[in-house]
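For reference, the chains in residue letters:
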Amino acid sequence: MKVYRNEYPNPQFERTDWLNLNGEWDFGYKKIRGFRFSKDEALALKYYYKNDYTHKINVPFCVESVLSGIGNTGFVNLVWYRKTVDIKKNGKRVFLHIGAADYLTTVLVNGKPAGRHKGGYTPFRFEITDLAADGENEIFIFCEDNVKNPLVARGKQSEKLKSHGCDYTRTTGIWQTVYLEYTPQDYIKDFKLYPDAKGCSVTISADFVGTADFSCDVLYNGKVVGTIKQEQANSNCFFHIPLSEKHLWEVGNGRLYDLEFTFGEDKVKSYFGLRDVRLDGYRFLINEKSVFQRLVLDQGFYKDGIYTAKDETELLKDIELSMALGFNGARPHQKVFEPRYLYYCDKMGYLVWGEYASWGLDYSSSDALAAYLSEWAEAVSRDFNHPSIIGWCPFNETWNYRGRKQKNELLAAIYDYTKAVDHTRPCIDTSGNFHVKTDIYDVHDYNYAPVLFKKNFDRLVDEDYLYEHVLVDNPGRQKYNGKLPVFVSEYGGIKWAGDNSIKSWGYGENVKTPQEFADRYCGLTDALISNKKMFGFCYTQLYDIEQEQNGLYTYEREKKFADDIYKQIIEINTKCAEIEKKG
């Protein structure tokens, strides 16, 4: 099998002593009628000892994908993996990392439990030093998944057998890189970065295991511009580093500083961007400059890999395609995108909202908070240091769940948690509806008539009234107070079929010609750019996905229109927004 995804998975926490375990693994899978999640490791042990490995799978691709070598798109509840790995400890600690596996994962090393993890979108690791021997070792990974479980956040994975509407092919099991990492006995466990653009400095909160001398060099284009040292550091320490040169992280220009950490024998590389984010009335400020967010919805699906890009050039290409059309950022939608994607966003000065795959969760359940908080907490912790992430949005469109309203306490608690661990960014409790406690009041509106669309949102300027179509059938569920900053975080969704072999789907009345597509796009977008109380928009969407054929590109990321149509889109996207004008 060809081995994919050979690059180090997390450029913000990079060590040199590691071993990529992607590629061929022994594999088995099964669907169980009336499946229930196991409560302990007994089920994993049962399958470890009794089941056959009937297939080979190419990790890190899910069983549903073509690139996995299997391509089974039916319901799968259980998947198990086995690989023999040569480990050389040399007196070091050994950690097994899994970038993401959906949903409940149990790991055994040489038949002994290493640990379990719940959640389908965030990385986890287990120290396996005491379980591993020098030489050959057997690693067993067992994943349980059920998208129909009301306490499982599934995102855009279809709960029906086939894809439908805006739900797509499922992802079961491992879908990000698996690797071993070696550290000294004393090592850097974690760190948070707090850049200060005004003060031209960075503060570091670092967590250590053991005690050792610590140093950190800050570099810009290879030149040391700041440094700190401390003898016998341990536990949790704070370090403030003034910078001798100021290079601001801005839209379209990442200007990243490099970090080189040394803790005894442990060495870690990272980076940060020097930028501040804050809200000022209706404006969204980055480094005290009003920035209109020209965002596009990016769902992170790939035709051959489903959730997983076959190489990092595919991650970069999506950003480049977006920027080529005049967008300056994205809502990575209903999925936690992998760190390599965010790395390129950081480098290119591309704005990102940190979101989670909240669809599928029963928002009305009293058990939802316990099910969801730990998963969301891991996502915020993983992505805290990325300068491209300029806000958090833990939920999306919390409609009624089987006729039951959301638990407002759930949304408020998740908002409060997010603000407690990160006061540097704004948080939207639930994108579109139904707001409970939020820093920004965003709405979704797929009205396809530009004249009416503009008339509705002009009322925000003329009357301080924000039009919300969701209130027609849901009176009293939310109400704009006239004070919070506003943007339309989903609109458009204009269908133009790039693949006529399938029954396609989109929003609103179909357009009949490419020029009609352009006219509608430009009319809707201009209504938002020309509104002096709107700080941004997010168009649905960047590319087609399966039956949802409303992208600006095809699922293969090819052009759907002639250059003259794209030229019109670029012109309106890059028009100076009213809220950016001085005075």
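What you see is a predicted model; the values in this text were computed from it and never measured.

What counts and how
- Residues numbered from 1 in each chain as written.
- Predicted model: local features only at pLDDT ≥ 70, side-chain atom pairs only at ≥ 80, totals over all residues.
- Heavy atoms only, no water.
- Helix = DSSP H or I, 4+ residues; strand = E, 2+ residues; numbered from the N terminus.
- Buried < 20%, exposed > 50% of the residue type's maximum accessible area, 1.4 Å probe, protein only.
- Contact = heavy atoms within 4.5 Å.
- Salt bridge = Lys/Arg side-chain N within 4 Å of Asp/Glu carboxyl O.
- Core = buried A, V, L, I, M, F, W, Y, C linked by side-chain atoms within 4.5 Å.
- Pairing = 2+ DSSP bridges.
- Axes fitted to C-alpha atoms, helices over the stretch in contact; angles between N-to-C directions.
- Disulfide = S-S within 2.5 Å.
- Parallel < 35°, antiparallel > 145°, perpendicular 65-115°, else oblique.
- Nonpolar A, V, L, I, M, F, W, Y, C, P; charged D, E, K, R; others polar.

1. Topic: the environment of Phe 263
If you trace the backbone, Phe 263 turns up in strand S16 (residues 257-263). Overall, Phe 263 belongs to the buried group, its relative accessible area being 0%. Here Phe 263 is in contact with Asp 186, Tyr 187, Ile 188, Phe 208, Val 209, Gly 210, Thr 211, Ala 212, Asp 213, Phe 214 and Ala 233, once residues within four sequence places are set aside.

2. Examining the pattern of salt bridges
Enumeration according to the criterion identifies 36 salt bridges in this entry. The partner of Arg 116 in a salt bridge is Glu 144, with the nearest N and O atoms 3.4 Å apart. Remark: Glu 144 occurs in strand S10 (residues 135-144) and Arg 116 occurs in strand S8 (residues 112-118); sequence separation between them is 28 residues. Overall, Arg 116 belongs to the partly exposed group, its relative accessible area being 27%.

3. Things to note about the nonpolar core
Generally speaking, a soluble globular protein has its nonpolar side chains buried in company with each other. In terms of nonpolar packing, the biggest core is built from 102 residues, with Tyr 341, Tyr 491, Phe 517, Tyr 521 and Leu 552 touching the most fellow members. Of the residues forming this core, the biggest block, eight residues, is contributed by helix H7 (residues 514-529). If we skip the residues at most four places from it in the chain, Leu 552 touches Leu 325, Phe 327, Phe 517, Tyr 521, Tyr 539, Gln 541, Leu 542, Tyr 543, Lys 560, Phe 561, Tyr 566 and Ile 569.

4. Considering the sheet that holds strand S27 (residues 441-445)
With respect to topology, seven strands assemble into an open sheet ordered S24-S23-S22-S21-S29-S28-S27, the strand pairing being parallel. Of all strands in the sheet, those with a lone pairing partner are strand S24 (389-393) and S27, marking the two edges. Sheet twist, expressed as the mean angle between neighbouring strand axes with direction ignored, is 25°. Of the pairings in the sheet, the one linking strand S23 (residues 351-355) to S24 comprises four bridges and is parallel in character. Bridged to Trp 353 within S24 is Gly 391.

5. What to know about the state of the cysteines
Covalent bonding between the sulfur atoms of two cysteines is what defines a disulfide. Applying the stated criterion across every chain yields a total of zero disulfides. Free of any disulfide, Cys 62 has its nearest neighbouring cysteine sulfur in Cys 143, separated by 11 Å. You can see Cys 166 has no disulfide; the closest cysteine sulfur is in Cys 538, sitting 14 Å from it.

6. Some points on the packing of H7 against helix H8 (residues 563-573)
Relative to each other, H7 and H8 sit at 5°, their axes nearing to 9 Å. In this view, H7 runs roughly parallel relative to H8, as classed from their interaxial angle. Seen from H7, the contacting residues are Pro 514, Gln 515, Phe 517, Ala 518, Asp 519, Tyr 521, Cys 522, Thr 525, Asp 526 and Ile 529; seen from H8, they are Ile 565, Gln 568, Ile 569, Ile 572 and Asn 573. Broken down by class, the residue content of the contact of H7 with H8 amounts to nine nonpolar, four polar and two charged.

Function cannot be inferred from these measures alone, as they are strictly geometric.
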